[in-house]
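# Residue-level structural notes
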Amino acid sequence: MIPLQPAEFFDPEPMPFIRFISRLLARVLFRLRIHGGGVLDTPGPVLLIPNHVSWFDWWLVGLCVGDDWRFVTSASRADSHWMFRFMMVNRYTFPVDHASPFAMKEMANFLQGGGRLILFAEGRISETGCLMKLFEGTGFLLHKTEAKVITCHLRNALRLPWSRHPGWKQCFPRMSVHFGDVLQPPVGQFSGMSDVREALTQWLRERMIEHQFQVEMDHGHGDVLTEIASRARQRPGTVVLEDVTGQALSHRMVMVGAEVLGGQFRRLLDDKQVRVGMLLPNVNGTVISLLALWRIGKIPAVLNYSSGVPLMLTCSELAGLRQVITSRVFLAKAKLDVTPMKAAGIEFVYLEDIRKRISGLAKLGVFLKHRLALGRARFGIPAGQTAVILFTSGSEGVPKGVELTHRNILANLRQLLSAVDLVDSDSLFNCLPMFHSFGLVVGTLLPLCRGLRSYQFPSPLQYRQIPTAVYNSNATLFLSTNTFLNGYARKAHPYDFRNVRYLLAGAEKVQQATADTWARKFGVRINEAYGVTECAPAICANTKAANRFGSVGRLLPGIEWRLEPVDGVADAGRLFVRGPNIMKGYLNADANAAFQALGGWYDTGDIIHVDADGYFWVKGRAKRFAKVSGEMVSLTAVEDALAGAFPQHGEECEVAVVALPDTGKGEKLVAVTNAPGLSLAEVRGAIATAGLTNLCVPRDLRVMDELPKLGTGKLNHREVLKHIELGQAHLA
């Protein structure tokens, strides 16, 4: 931050008088702070690129720069009114005619002469408050002049009344101006590409996104609870939570509920036990219980009820749980018999019993405290403290306990919010369970931290009810997986998803047939994302500004990556990532030792190809490759080729592909289906139609009544193999 010394601030001699008055007003009215302004002394040629969110952006930047900086303005707009002419044509501006083919050349000549320009590269005020696409002429300037670049982020300027986004605004929001490091565009790196200008424009946009993310990490709150509470203090009356019961809760009532419930938890839970289990569906009470546990310094461990009681008991023992918060109604509806867990010494705390203990007077007292803005808004939880424990699905063995810190979760939320253009009027429909990182972090915590309305639905398996619920909730954001999307498409009316503008799919690869169905029937484009629980969870995402079907998008800001070669796999490698969203560690001793030995890097276990434009393509899990006749074959690619290839056998026809040992060729592929009429000849035909080699053709075809699934809807290949070994999948 630039300290404004008394001599600098009050002595008008070193700066024009207008700038002196403006800085004084900005400090008093907006509590303006300037960070990293030392880079403004960089000699030309240099381009200063701020984000553009309000009519007053030029004023905010102008407070910081010297007299020799020139704002690029529109000459045609200046001619439209005398006031615009006064503001846009003077010694501090560089007017250009954007309709003229010589405009870029004029700016390039000025830069090549050692000039310093301020360019709002978006070319317009943002309609979303987020970074929009950049004017492609910016890439031309970088390529032609090789000028240095300084990014600038105007934090919170979108809340000014003179912004265009449809969300809430304030007359005097707290604002700050952040200047990034001086960057040298990598012109040589893109010299061999067909469109160098487009590549440089995209490079600049990614640097601006990274800068925004880093600013939020440096100056945002350090724990999730404080982030939610501060948002509640700003917009206490905004409805942010609704569930299947129809109960809608404002931000204020969420914080009131968390404080009231936290007081009860403090009396009921063991002081010596920091970790507390949670066994609850997607309802308002689950979210409030999570916040309540954070208020009293507890670490929630969210149990996966879809895995069954034996695995839940294993996870409880791994985390050392002695108490689990649950609901009698939920246990009855889910048909969970937790007697083995009780026999192991685990105490169950029921929300129904707690509700009876809370008096109306107690709730009224807490409500009045928050109504008078006396509720606690800062909690000071260390950023590196574990926020939640999640358990991996166990599809590859014993479940692992993943410790995600407050910093991990906030980093991932800020990575997503920097890249995805959400607006205040968005609402999110989440039916993914909270024991899954996608459902918890993106589906639950993101709307609370961003101040968006979210609708929590208890189960993703209600294929007929969910499309209707999405329709009735008017949700604009929808989270799901490939398997569930296929189920909804079969039952939904074409109008059910009319309001959805962002459909984010993760957890498993989106198949071509799924994307085609959603595009044709609902007019909705699926934005595929990629992540893992250990990364809290997102690593890559397709967005409206950067989307390439079949890929999982570009890397989110703040994440480093590297690929390690895999024998037999060309043009791809095993992905390792590092960044602030990577987990603290595992509860499992052996797994944690292996993770810590990597020095902050995480081995995803996925085989990835990265194309020239930076898009990531998932080839499959390292364990989902088979070595047939010495060649590596992706089982995931074979499954993709078979997905949706047999409409004659019904919409519910599914095919899984696994590998078994083979004495002649090392391994052989076996297809397993739930369609008894499917023949091996049809499978071979589909493989040939997809253009795959003969090595990808399954040798056998087995039939099961139903293919086993994980709680996220993904095929459970470990269980498929087990059924084959036990002879429970017969030959077709």
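As shown above, the structure is provided for reference.
Now for a look at the structure at hand.

### With respect to the overall build of the protein chain
Secondary structure assignment for the protein chain yields 25 helices and 33 strands. In terms of overall dimensions, the protein chain is globule-like: its C-alpha atoms have a radius of gyration of 28 Å, near the 27 Å expected for 732 residues. By its C-alpha atoms, the protein chain is 85 × 70 × 50 Å across when sized along the principal axes. For the protein chain, buried positions account for 56% of its 732 residues.

### Here's the deal with the sheet that holds strand 26 (residues 602–610)
Sheet architecture is open: four strands sit in the order 23-24-26-27, paired in antiparallel fashion. For this open sheet the edge positions go to strand 23 (560–565) and strand 27 (616–621), each flanked by a neighbour on one side alone. Across the sheet, the mean angle separating the axes of adjacent strands is 45° when strand polarity is ignored. Relative to strand 26, strand 24 (residues 573–578) runs antiparallel, the two sharing four bridges. Bridging across to strand 26, Phe-576 finds its partner in Asp-603.

### What about the packing of helix 9 (residues 224–234) against helix 18 (residues 437–450)?
At a minimum axis distance of 7 Å, the contact between helix 9 and helix 18 shows a crossing angle of 45°. Classified by the angle between their axes, helix 9 and helix 18 sit oblique to one another. Within the contact between the two elements, helix 9 uses Val-224, Glu-227, Ile-228 and Arg-231 and helix 18 uses Leu-445, Leu-448, Cys-449 and Arg-450. Its residues placed into classes, the contact of helix 9 with helix 18 shows five nonpolar, no polar and three charged.

### Digging into the packing of aromatic side chains
Throughout the structure, instances matching the rule amount to 19 aromatic pairs. Where Tyr-586 meets Phe-595, the ring centres are 6.4 Å apart and the plane angle is 75°; that geometry is what we call edge-to-face. These aromatic residues form a ring-pair network of at least three members: Phe-429, Tyr-455, Phe-457, Tyr-463, Phe-478, Tyr-488, Phe-497, Trp-518 and Phe-522. Across from the ring centre of Tyr-502, 4.9 Å away, lies the NZ or CZ of Lys-544, which sits over that ring. Across from the ring centre of Phe-576, 4.5 Å away, lies the NZ or CZ of Arg-562, which sits over that ring.

### Let's talk about the pattern of salt bridges
Following the criterion strictly, the structure yields 21 salt bridges and no others. In this structure, Arg-501 and Asp-426 form a salt bridge, with 2.8 Å as the shortest nitrogen-oxygen distance. Remark: Asp-426 occurs in the loop between helix 17 (406–419) and strand 16 (427–430) and Arg-501 occurs in the loop between helix 20 (482–491) and strand 19 (502–505); sequence separation between them is 75 residues. When its relative accessible area of 26% is taken as the criterion, Arg-501 is described as partly exposed. As a salt-bridge pair, Arg-574 and Asp-603 come within 2.9 Å of each other at their nearest N and O atoms. Taken together, the positions of Arg-574 in strand 24 and Asp-603 in strand 26 put the pair 29 residues apart, joining distant regions of the chain. Overall, the relative accessible area of 29% leaves Arg-574 in the partly exposed class. Taken together, the salt bridges that share partners define one network made up of Glu-206, Arg-207, Glu-210 and Arg-554.

Definitions and cut-offs
- Residues numbered from 1 in each chain as written.
- Predicted model: local features only at pLDDT ≥ 70, side-chain atom pairs only at ≥ 80, totals over all residues.
- Heavy atoms only, no water.
- Helix = DSSP H or I, 4+ residues; strand = E, 2+ residues; numbered from the N terminus.
- Rg over C-alpha atoms; globule rule 2.2 N^0.38 Å.
- Buried < 20%, exposed > 50% of the residue type's maximum accessible area, 1.4 Å probe, protein only.
- Pairing = 2+ DSSP bridges.
- Axes fitted to C-alpha atoms, helices over the stretch in contact; angles between N-to-C directions.
- Parallel < 35°, antiparallel > 145°, perpendicular 65-115°, else oblique.
- Contact = heavy atoms within 4.5 Å.
- Nonpolar A, V, L, I, M, F, W, Y, C, P; charged D, E, K, R; others polar.
- Phe/Tyr/Trp six-rings, centres within 6.5 Å; stacked < 30°, edge-to-face > 60°.
- Lys NZ or Arg CZ within 6 Å of the ring centre and 35° of its normal.
- Salt bridge = Lys/Arg side-chain N within 4 Å of Asp/Glu carboxyl O.

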